[in-house]
Amino acid sequence: MTTLNLGYLATFRLVIQRGSFSAAADVLGISQPAVSLQIRQLEQFLQTRLVERTGRGIKATAAGEALLAHGERIQQVVDDAIRSVSAFSHDVSGTITLGTGATACIHFLPPLLEQLRRDYPLLNVGVTTGNTRDIVRAIEENRLDMGLVTLPVSGKALDVMPVMDEEFVFIASPELKDVFRDFTPDALHAQPLIAFESGSGTRTLIDGWFAANGLTIAPVMQLGSIEAIKRMVRAGLGYSIVPRMAVEQDGDREGLCVMSLTPMLQRQLAVVMRQDKILSKGIAAIIRLVQHPSAV
């Protein structure tokens, strides 16, 4: 025996409490020689005698009495540890770090996080924003537990779970509405476009929508913030193409005209994790809410 065996320690305490090896064996449901072997191995590990025989039975030596005093505290610590760990098996708790894009962080996550706090008050969720490439790298390096990102995703040893499709829509100020007759790549190409910055997943999708018709766009502005884009559009400086979630609520589309594109442009969002990530109850709860946001 190379470490203190807590089971043997419990057997020793029981032997002293019951006053004999055979009585302890009856309680434990094992043979008396098995109890004797456990006590002998415990003595060998501690290199001292722990029990002695008297005319009245078994009693602890001075070293055994010292061990009993510590044994009670050890058992208390073990019991406290078991209760603490058991709490995790019943309650959704702990801390989870999630990475996502700025648009989803502003317009998609808040009601989900509010629901999580109501349902699981012991669960803490930390959110980091960034582009898909940076979020995936952070997940691979175990700096983030999970991500909600735009597909496609490339990476090593990742679990990729598509969770929703989202439409992209045309937005413009009411004053510019009459300038736009159709919402096709050909009709929009000559108009001033306020776009997401180059290199983002969203911008790549928009570029591809025009490129499918043989067109290359030259935006009049390139911005990294969805709210900055909407502000510029409200000011009548051009139109934009944005995820529908950014203009889903009345307050979010105030001062904007919102129209569907022809052909429709969509992106697919997915939950991404490392393949070796343990699917905790907290992570499972987040995935359920992301998959069914309408239930929030």
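All values reported here derive from a predicted model rather than from experimental measurement. (Residues numbered from 1 in each chain as written. Predicted model: local features only at pLDDT ≥ 70, side-chain atom pairs only at ≥ 80, totals over all residues. Heavy atoms only, no water.)

1. A short note on the overall build of the protein chain
Part 1 of the reasoning: Of regular secondary structure, the protein chain possesses 11 helices and 10 strands.
Part 2 of the reasoning: With the principal axes as the frame, the protein chain shows a C-alpha extent of 110 × 35 × 25 Å.
Part 3 of the reasoning: In the protein chain, which comprises 296 residues, the share counted as buried stands at 39%.
Part 4 of the reasoning: In the protein chain, of all internal contacts separated by at least 6 residues, the share reaching a separation of at least 24 is 71%. (Helix = DSSP H or I, 4+ residues; strand = E, 2+ residues; numbered from the N terminus. Buried < 20%, exposed > 50% of the residue type's maximum accessible area, 1.4 Å probe, protein only. Contact = heavy atoms within 4.5 Å.)

2. A short note on the packing of aromatic side chains
Part 1 of the reasoning: All chains considered together, the criterion is met by 5 aromatic pairs.
Part 2 of the reasoning: Both rings, one in Trp209 and one in Phe210, keep their centres 5.0 Å apart while their planes meet at 85°; by these two values the pair is edge-to-face.
Part 3 of the reasoning: The buried category is assigned to Trp209, whose relative accessible area is 6%.
Part 4 of the reasoning: Take Phe210: its relative accessible area is 0%, and that puts it in the buried class.
Part 5 of the reasoning: An aromatic cluster is defined as three or more aromatic residues linked by ring pairs; in this entry it consists of Phe170, Phe180, Phe183 and Tyr239. (Phe/Tyr/Trp six-rings, centres within 6.5 Å; stacked < 30°, edge-to-face > 60°.)

3. Remarks on the nonpolar core
Here is a general trend for soluble globular proteins: nonpolar side chains tend to be buried in one another's company.
Part 1 of the reasoning: In this structure, Leu188, Phe210, Tyr239 and Ile241 are the most contacted members of the largest nonpolar core, which totals 29 residues.
Part 2 of the reasoning: Among the elements of the structure, strand E6 (158-172), strand E7 (194-196), helix H9 (201-211), helix H10 (226-234), strand E9 (240-243) and strand E10 (257-274) are those that each provide at least two residues to this core.
Part 3 of the reasoning: With 5 residues, the top contributor of residues to this core is E6.
Part 4 of the reasoning: Those residues in contact with Leu188 that sit more than four places away from it in its chain are Phe170, Phe180, Asp182, Phe183, Trp209, Phe210, Tyr239, Ile241 and Leu261.
Part 5 of the reasoning: If you look at the next biggest cluster of nonpolar residues, it comprises 23 residues, including Val92, Ile96, Leu112 and Val290. (Core = buried A, V, L, I, M, F, W, Y, C linked by side-chain atoms within 4.5 Å.)

4. Considering the packing of helix H1 (residues 6-18) against helix H2 (residues 21-28)
Part 1 of the reasoning: Across the interface, H1 lies against H2 with an axial gap of 8 Å and an inter-helix angle of 120°. Viewed along their axes, H1 and H2 adopt a mutual orientation that is oblique. H1 and H2 meet at a crossing whose hand is right-handed. Across the interface between the two elements, Thr11, Leu14, Val15 and Arg18 from H1 touch Phe21, Ala23, Ala24, Val27 and Leu28 from H2.
Part 2 of the reasoning: A class-by-class count of the residues in the contact of H1 with H2 yields 7 nonpolar, 1 polar and 1 charged. (Axes fitted to C-alpha atoms, helices over the stretch in contact; angles between N-to-C directions. Parallel < 35°, antiparallel > 145°, perpendicular 65-115°, else oblique. Left-handed = near helix turned anticlockwise from the far one by under 90°. Nonpolar A, V, L, I, M, F, W, Y, C, P; charged D, E, K, R; others polar.)

5. Looking at the pairing of E6
Part 1 of the reasoning: With 14 bridges connecting them, E6 and E10 associate as antiparallel partners. Directly across from Val160, in E10, lies its bridge partner Val272.
Part 2 of the reasoning: Pairing analysis gives 4 bridges linking E6 to E9, with the strands arranged antiparallel. Of the residues in E9, the one forming a bridge with Phe170 is Ile241. (Pairing = 2+ DSSP bridges.)

6. Re the UniProt feature "domain: HTH lysR-type" (unreviewed entry) in the protein chain
Part 1 of the reasoning: According to UniProt, the "domain: HTH lysR-type" (unreviewed entry) feature falls on residues 4-61.
Part 2 of the reasoning: For residues 4-61, the helix share is 62%, the strand share is 14%, and the end-to-end C-alpha distance is 19 Å. (UniProt positions renumbered as here; feature names shortened; annotations may be inferred.)

7. Details of the pattern of salt bridges
Part 1 of the reasoning: Under the definition given, this model contains 11 salt bridges.
Part 2 of the reasoning: Of the charged contacts in the structure, one is a salt bridge between Arg137 and Asp134, with a shortest N-O distance of 3.0 Å. Residue Arg137 and its partner Asp134 are located together in helix H7 (residues 132-140), separated by 3 residues, close to a single helical turn.
Part 3 of the reasoning: Taking the relative accessible area as the measure of exposure, Arg137 reaches 37% and is therefore partly exposed.
Part 4 of the reasoning: The class for Asp134 is partly exposed, based on a relative accessible area of 34%.
Part 5 of the reasoning: With a closest N to O distance of 3.0 Å, Lys277 and Asp145 form a salt bridge. Taken together, the residues span a long stretch of sequence, with Lys277 in the loop between E10 and helix H11 (281-291) and Asp145 in the loop between H7 and strand E5 (146-150) at a distance of 132 residues.
Part 6 of the reasoning: Taking relative accessible area as the criterion, Lys277 reaches 22% and is therefore assigned partly exposed. (Salt bridge = Lys/Arg side-chain N within 4 Å of Asp/Glu carboxyl O.)

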